[in-house]
Amino acid sequence: DMYIPRSIIAEGLLVSEQTNTCLTTGGVEIASHPGQNPSSAKAKMLRIDHTSDYNYWYFTRQNGGRIVHLGVWIEECLGASRNRGLLVCQCGIGPGSSCTAADVRWEPYEEDPKQLKHVASG
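Residue positions are given per chain, counting from 1 as you read along its sequence in written order. Restriction of local features to residues with pLDDT of at least 70 applies here, the model being predicted, together with a cutoff of 80 or more for giving and counting side-chain atom pairs; totals for whole chains, interfaces and linings are based on all residues. Water and hydrogen atoms were dropped before computing side-chain values, which therefore reflect all heavy atoms in the structure.

1. Comments concerning the state of the cysteines
Part 1 of the reasoning: Criterion for a disulfide: a pair of cysteine sulfur atoms within 2.5 Å. In total, this model carries one disulfide according to the counting rule given.
Part 2 of the reasoning: Sulfur-sulfur distance for the disulfide between cysteine 89 and cysteine 99 comes to 2.0 Å. Where cysteine 89 bonds to cysteine 99 through sulfur, the torsion about that S-S bond is close to -55 degrees, and the disulfide is left-handed. Note that cysteine 89 is positioned in strand S9 (residues 85-90) and cysteine 99 in the loop between S9 and strand S10 (106-108), a separation of ten residues in sequence.
Part 3 of the reasoning: A relative accessible area of 0% means that cysteine 89 is categorised as buried. Numbering of helices and strands runs from the N terminus, with a helix taken as a DSSP run of H or I at least four residues long and a strand as a DSSP run of E at least two residues long. Each residue gets one of three labels from its accessible area relative to the maximum for its type: buried under 20%, exposed over 50%, partly exposed in between, using a 1.4 Å probe on protein chains only.

2. Focus: the sheet that holds strand S3 (residues 21-24)
Part 1 of the reasoning: Only when DSSP finds a minimum of two bridges between them are two strands counted as paired. The antiparallel open sheet is built from three strands, whose spatial order is S2-S3-S5. The open sheet has two edge strands with one neighbour each: strand S2 (15-16) and strand S5 (44-47).
Part 2 of the reasoning: Note that S2 and S3 share two bridges and pair antiparallel. What sits directly across from valine 15, in S3, is cysteine 22.

3. Notes on unusual backbone geometry
Part 1 of the reasoning: Even without being glycine, asparagine 20 reaches a positive phi, approximately 55 degrees.
Part 2 of the reasoning: Along the chain, asparagine 20 falls in the loop between S2 and S3.
Part 3 of the reasoning: With relative accessibility at 53%, the residue asparagine 20 sits in the exposed group.

4. So, the pattern of salt bridges
Part 1 of the reasoning: Salt bridges, as used here, are contacts in which a Lys or Arg side-chain nitrogen is within 4 Å of a carboxyl oxygen on Asp or Glu. Applying the stated rule across the entire model yields two salt bridges.
Part 2 of the reasoning: With a closest N to O distance of 3.5 Å, aspartate 103 and arginine 84 form a salt bridge. In this pair, aspartate 103 is assigned in the loop between S9 and S10 and arginine 84 in the loop between strand S8 (75-81) and S9, connecting sequence segments 19 residues apart.
Part 3 of the reasoning: Relative accessible area serves as the criterion here: at 12%, aspartate 103 is assigned to the buried category.

The quantities given are spatial measurements derived from coordinates; they are silent on function.
Following this line, the structure appears as structure tokens:
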């Protein structure tokens, strides 16, 4: 039930073709438990690098639809907030986590299911 993006340009990368960059955690590793710091970090768009583990993301329909980065010690979710922008968040949302369940919820566009939209902000 996991959607893995595949194309000639990118496989597992979330790419901006206009700027030739991809979404990355920026090398920041967030804490595995709510209440520990850092529980979130700014997501970044950096040069496309297929060799970096920090750049690979997967969309899963479980838990309402999440974009997940599988790190060495923890899985991290892509979140969005109107006042904080794109965030790398803890996937295990709970007391002490800096992201809400709504912050990490994504779904495919009906018109183009290869593109994803953030549910709370559209």
